[in-house]
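Commentary on secondary and tertiary structure
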Amino acid sequence: MSEWIVFFWNILPDLYDGALITVRLTLVGLGIGFVIGLPAALARVYGGKWIRRLAVGYIELFRGTPVLVQLFVVYFGFPDFGLTLSRLSAAYIALGLNSGAFQAEYFRGAIQAIGDGQMMAARAIGMSRLKAIRYVILPQALRLVIPPWSNEPIALMKASAVAFLIAVPDLMTKAKIIAAHTYNPIGTYMAVAVIYLVLVFLLTAIINFIERRLRIPGLEMEAQRT
Amino acid sequence: MTKTIIKVENLFKQYGGQDVLKGISLTVNEGETVVIIGPSGTGKSTLLRCINLLTKADRGRIWLDDREITLPGVDEDEVRSHIGMVFQDFLLFNHLTALGNVMIGLTKVLGMSHDKAKSKAMAELARVGLADNADQYPGQLSGGQKQRVAIARALAMDPRVILFDEPTSALDPELIGEVLEVMRKLAYDGMTMVVVTHEMGFAREVADRIVFIEKGSVVEEGPPVDLFYRPKVERTREFLWKLTELYGKHERKQADGN
């Protein structure tokens with residue numbers, strides 16, 4: 001055990017660099033996914049027939065195919081259309097598009113849980129649809145979505161490991177190099193597992209903090225009833 | 001001459017092949033309290049929703065203050081800001097305090113400054129007796145308090161008329177009184193109101209006119225005394241008798257239980 005701790009200690013600086021990339025992949029992917037996913041959810045709930053179909057098409061395409069395939073298409077396929085991306089950019093885009101599809105479904109669930117009544121009440125005092133969404137639906141839906149949505153950063157962080165297949169220097173890529181150099185794959189990957197665990201723990205703590213800060217008395221119960 | 005606030009002419013509405021409204025006409029004058037009664041599923045709620053354009057009528061015309069609001073190209077959001085609505089299940093905005101619920105229409109629809117909106121909202125909350133609950137969230141209020149906040153929210157917009165859709169039907173019996181009391185006060189203050197309700201006591205005491213609707217048509221309308229004591233149509237007598245009997249039985253049963 002103590003041998004392994006020494007080993008872990010020695011490879012930590014290298015893994016640290018990789019972990020930073022993994023965190024960046026996760027946060028940027030999450031951000032892109034949010035920016036795509038929220039409008040996609042709104043389009044799916046409130047859009048007209050064709051807007052809705054477009055949103056459903058996007059969501060099903062990116063939920064229904066492996067993120068690895070999506071990554072390869074973005075990295076190796078886009079250059080055929082004259083768009084050559086750096087490894088990191090390709091990973092950002094693929095993870096973002098993938099996460100957007102999942103986030104859209106979390107958001108849709110929350111928006112629908114808010115119920116038509118809130119929209120009707122907002123319209124009844126003279127709000128336009130857009131204002132009702134902005135001031136009444138989203139403030140509630142974005143609070144309600146936190147518990148289910150909190151799966152997404154965790155899932156995405158682990159899914160970001162596929163970036164190693166296009167040689168983005170993330171945690172997995174670093175681990176592969178270290179394992180080859182030290183002839184200690186088991187020890188290396190155990191170290192990697194520990195780092196992923198710590199990162200997930202931190203993410204969860206941050207999300208729980210946000211959830212507590214935004215809590216409104218009775219909102220959860222009220223939303224479940226309607 | 002009394003001014004007409006709402007005029008509904010020959011309104012038709014179908015839902016899934018079912019006729020819900022079959023040529024309803026209705027006039028509401030300034031300061032009047034019109035109570036709409038009738039069996040459930042006869043289109044009373046639909047009528048209210050058509051009046052404030054939440055539901056689009058298939059046929060027929062509606063005027064608000066001599067302006068036809070069923071014409072194409074009418075700014076529906078603007079029209080709705082002049083028509084208050086109080087719902088059976090309150091529909092308060094759950095993420096906002098009582099004060100926030102009353103303020104949001106003022107700031108986001110009427111574009112009032114925060115300070116001005118706040119003082120107006122506080123005044124409306126005081127009017128429904130909830131000044132002390134301004135900072136509470138809907139989840140912390142009783143049903144009766146929620147409905148009074150909803151009334152304050154409608155009042156704050158200075159509407160030409162307020163539509164009440166069974167405002168006490170979702171309330172526990174002991175909470176109905178406080179809501180009816182607020183409504184009674186509004187009626188006496190001269191607010192124009194259209195109230196769908198089963199509260200016959202309220203109808204008898206407060207209504208200037210009662211409209212009995214069944215199967216999407218107006219069966220009979222007139223002052224409460226006429227409808228309660230000398231109905232022209234047999235069906236009106238039957239319905240009112242049934243309601244009174246029902247409530248009478250209910251009260252008797254409660255008395256026996258105690």
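In this report, we go over the structure that sits alongside the text. This structure is a prediction, so every number in the text was calculated from the model and none was measured. (Residues numbered from 1 in each chain as written. Chains lettered and ligands numbered in written order. Predicted model: local features only at pLDDT ≥ 70, side-chain atom pairs only at ≥ 80, totals over all residues. Heavy atoms only, no water.)

**A short note on the sheet that holds strand β4 (residues 59-64) of chain B**
All names here are of chain B.
- The 4 strands lie next to each other as β2-β1-β4-β5, forming an open sheet whose pairing is antiparallel. Edge positions in the sheet fall to β2 (18-29) and β5 (67-68), since each of these pairs with one other strand and no more.
- Relative to β2, strand β1 (residues 4-15) runs antiparallel, the two being bridged by 9 bridges. Within β2, the residue paired with T4 across the bridge is N29.
- Against the sheet, helix α1 (residues 44-51) engages β1, β2 and β4, with an angle of about 60° to β2. (Pairing = 2+ DSSP bridges. Helix = DSSP H or I, 4+ residues; strand = E, 2+ residues; numbered from the N terminus. Contact = heavy atoms within 4.5 Å. Axes fitted to C-alpha atoms, helices over the stretch in contact; angles between N-to-C directions.)

**Side note on the interface of chain A and chain B**
- With 22 residues of chain A at the contact, the number on the chain B side is 24 residues.
- For the pair chain A and chain B, the summed buried area comes to about 2100 Å², and 66% of that belongs to carbon and sulfur atoms.
- The three residues of chain A that bury the most area against chain B are A:M120, A:A124 and A:I125, which together make up 27% of that side's buried surface.
- Run the count over chain A and chain B and you get 1 salt bridge.
- The partner of B:D77 in a salt bridge is A:R123, and the shortest N-O contact between them spans 3.1 Å.
- Where chain A touches chain B, the interface holds 5 residue pairs in polar contact (both at pLDDT 80 or more).
- Where the side of chain A that touches chain B is concerned, the elements lending two or more residues are α5 (116-124), α6 (129-144) and α11 (219-225) of chain A.
- Residue contributions to the side of chain A that touches chain B peak at 7 residues, all from α5(A). (Buried area = accessible area lost by both parts, 1.4 Å probe. Salt bridge = Lys/Arg side-chain N within 4 Å of Asp/Glu carboxyl O. Polar contact = N/O pair within 3.5 Å; in protein donor to acceptor, adjacent residues only side chain to side chain.)

**A word on the pattern of salt bridges**
Residue and element names in this part refer to chain B.
- Enumeration according to the criterion identifies 28 salt bridges over all chains in this entry.
- The residue R160 makes a salt bridge to E30 at a minimum N-O spacing of 3.6 Å. A residue pair is termed long-range when its members are at least 10 positions apart, and R160 in the loop between α5 (143-156) and β7 (161-165) and E30 in the loop between β2 and β3 (33-37) qualify at 130 residues.
- A salt bridge links E68 to R61; its shortest N-O distance comes to 3.0 Å.
- Look at E68 and you get buried, because its relative accessible area is 12%.
- Residue R61 is classed as partly exposed on the basis of its relative accessible area of 39%. (Buried < 20%, exposed > 50% of the residue type's maximum accessible area, 1.4 Å probe, protein only.)

**Describing the sheet that holds strand β10 (residues 217-222) of chain B**
All names here are of chain B.
- The sheet built from 6 strands is open, its strands ordered β6-β7-β8-β3-β9-β10 with mixed pairing. Looking along the sheet, the strands with just one partner apiece sit at the ends: β6 (83-86) and β10. Here the strands of the sheet are splayed against their neighbours by 20° on average, with no regard to which way each runs.
- Where β6 lies against β7, 4 bridges are found, and the strand directions are parallel. The residue bridging M85 from the neighbouring strand is L163, located in β7.
- Strands in contact with α1 are β3, β6, β7, β8 (193-196) and β9 (209-214); relative to β7, the strand with the most contacts, it is inclined by about 150°.
- Of the strands in this sheet, β3, β7 and β8 are in contact with helix α6 (residues 173-188), which crosses β8 at around 150°.

**Focus on a nonpolar patch on the surface**
Residues and elements named next belong to chain A.
- A cluster of nonpolar side chains, contributed by V194, V198, F201 and L202, occupies part of the molecular surface with about 370 Å² of accessible area.
- Along the chain, F201 falls in helix α10 (residues 185-214).
- For F201, a relative accessible area of 60% puts it in the exposed group. (Patch = residues over 30% accessible without salt bridge, like charges linked within 9 Å, V, L, I, M, F, W, Y side chains within 5 Å. Areas by Shrake-Rupley, 256 points an atom, 1.4 Å probe, with all protein chains shown as cover.)

**Some thoughts on the pairing of β1(B)**
Residue and element names in this part refer to chain B.
- Between the end of β1 and the start of β2, which pair antiparallel, lie 2 residues, with G16 showing a positive phi angle near 50°.
- Bridge count between β1 and β4: 5 bridges; the pairing is antiparallel. Bridge pairing in β4 places E9 opposite R61.

**Regarding the packing of helix α1 (residues 2-46) of chain A against helix α8 (residues 151-159) of chain A**
Residues and elements named next belong to chain A.
- Running from N to C, α1 and α8 point in directions that differ by 130°, and their axes come no closer than 9 Å. Taken as axis vectors, α1 and α8 run oblique relative to one another. The element α1 and its partner α8 pack so that their crossing is right-handed. Between α1 and α8, the residues in contact are T22, T26, G29 and L30 and E152, P153, L156 and M157, respectively.
- When the residues that make up the contact of α1 with α8 are grouped by side-chain class, the tally is 4 nonpolar, 3 polar and 1 charged. (Parallel < 35°, antiparallel > 145°, perpendicular 65-115°, else oblique. Left-handed = near helix turned anticlockwise from the far one by under 90°. Nonpolar A, V, L, I, M, F, W, Y, C, P; charged D, E, K, R; others polar.)

**Concerning the pairing of β3(B)**
Residue and element names in this part refer to chain B.
- For β3, a buried count of 5 out of 5 residues is recorded, marking the element as mostly surrounded by other parts of the structure.
- Covered by surrounding structure in β3 are T33, V35 and I37 together with V34 and I36, the residues of both alternating faces.
- Judged from the 4 bridges that link them, β3 and β8 form a sheet pairing that is parallel. Across the sheet, residue T33 finds its bridge partner in β8, namely M193.
- Two strands pair when backbone bridges link them, and β3 and β9 are joined in this way by 4 bridges, in the parallel orientation.

**Looking at the packing of aromatic side chains**
All names here are of chain A.
- Summed over the entire model, instances satisfying the criterion amount to 6 aromatic pairs over all chains.
- With 5.2 Å between their ring centres and 50° between their planes, Y58 and F62 make a pair best called tilted. Taken as a pair, Y58 and F62 lie in helix α2 (residues 49-64) at a separation of 4 residues, close to a single helical turn.
- For F62, a relative accessible area of 15% gives the class buried.
- An angle of 65° between the planes, with centres 4.9 Å apart, marks the rings of Y75 and F76 as edge-to-face. (Phe/Tyr/Trp six-rings, centres within 6.5 Å; stacked < 30°, edge-to-face > 60°.)

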